[in-house]
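Summary of structural features
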Amino acid sequence: MGWLFYTDGRVQTYADEKAEITRLCTCHGDTRKTELVKACKVGSTWYAAARVTNRDGTAVEDATYVTDADGSITFGAVFLTRYDDGCWGYKDMEESAGPNESRAPLGLIKLLSDLKDEGSYAQDWRQRCRDWAAIPDYEEGDKIKLAAPLTLTDGSTCQIVTATHYRRGRQKRRCYRIEETGGLVRLSKPSLAGSELLSSAKSAASPVLAEYFAGRD
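The shown structure was predicted, so the numbers you read here are calculated from the model rather than taken from an experiment.

Conventions used here
Residues numbered from 1 in each chain as written. Predicted model: local features only at pLDDT ≥ 70, side-chain atom pairs only at ≥ 80, totals over all residues. Heavy atoms only, no water. Pairing = 2+ DSSP bridges. Helix = DSSP H or I, 4+ residues; strand = E, 2+ residues; numbered from the N terminus. Disulfide = S-S within 2.5 Å. Buried < 20%, exposed > 50% of the residue type's maximum accessible area, 1.4 Å probe, protein only. Expected span 1.5 Å × (residues − 1). Contact = heavy atoms within 4.5 Å. Core = buried A, V, L, I, M, F, W, Y, C linked by side-chain atoms within 4.5 Å.

Here the focus is the sheet that holds strand β6 (residues 87-94). Strand order in this open sheet of six strands is β1-β6-β5-β4-β3-β2, and the pairing throughout is antiparallel. Each edge of the open sheet is held by one strand with a lone partner, namely β1 (4-5) and β2 (27-28). Alignment of strand β4 (residues 45-54) against strand β5 (residues 73-84), held across eight bridges, turns out to be antiparallel. Across the sheet, the residue bridging to T45 is L80, located in β5.

With a phi angle near 60°, D85 is a residue other than glycine that sits in the positive phi range. Locating D85 in the fold gives a position in the loop between β5 and β6.

Tallied over the entire structure, the rule returns zero disulfides. The thiol of C27 is not disulfide-bonded; the next cysteine sulfur, from C25, is found 11 Å away. Using a relative accessible area of 46% as the deciding quantity, one classes C27 as partly exposed.

Take the environment of L106 next. Take L106: it is sitting in helix α2 (residues 106-109). For the pair L106 and E35, spaced 71 residues apart in sequence, the C-alpha separation works out to 20 Å.

A few words on helix α3 (residues 121-134). For α3, spanning 14 residues, the distance from its first C-alpha to its last is 20 Å, which sits close to the expected 20 Å at 1.5 Å a residue. Within the sequence span of α3, burial applies to A122, Q123, W125, R126, C129 and W132. Packing partners of the buried residues in α3 comprise β4, β5 and α2.

Further remarks concern the nonpolar core. Counting residues in hydrophobic clusters, the biggest one holds 19 residues, and the most contacted among them are I21, C25, F75, F79 and W88. For this core, the secondary structure elements donating two or more residues are β4, β5 and β6. If you look at the next biggest cluster of nonpolar residues, it comprises 14 residues, including I144, V161, L187 and L192.

Here is the structure:
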């Protein structure tokens, strides 16, 4: 499915977007109904969990999902969104279509029904969401070893860095100090995948943590 834009200005705020995602995930048919369970926005992308139930109370039979104990199934959906000339638009995909955007929070993933085919696009998408959630979110002063040496734009490499920040105007922005050279570098979250915490800034205020990290050296 392609992009659909609203030209009537009905969607302007975060609350408007969430209300529209809720409406898009709600459908009351003659035999089935679909209702939104949870929706989360990450960047410009909305992730949703929607539950399908039969109106007559019987269990939902589906080729992709294992029916839950209450007879329903809950599937994941991804809504790409953007504003173009002031008009809000979206492109939606069900998780089994193999969407590229895969940053749904783990709390949403846990709501989804089990899959019948463990080798499906949906399974791959869920695992990519888990992998993204597993990337550490380091704190100021944490010393980190990247999974592999990272080549920088000047051709040099770095592997051990310390989380710090720099200021741009009034904004405080995360960066990392290269241990080998003392230079600063911006690192994307994917580049931190598989990294290892060598020492924590918290250990300075905690003898117990300091002893723990010293024992790992």
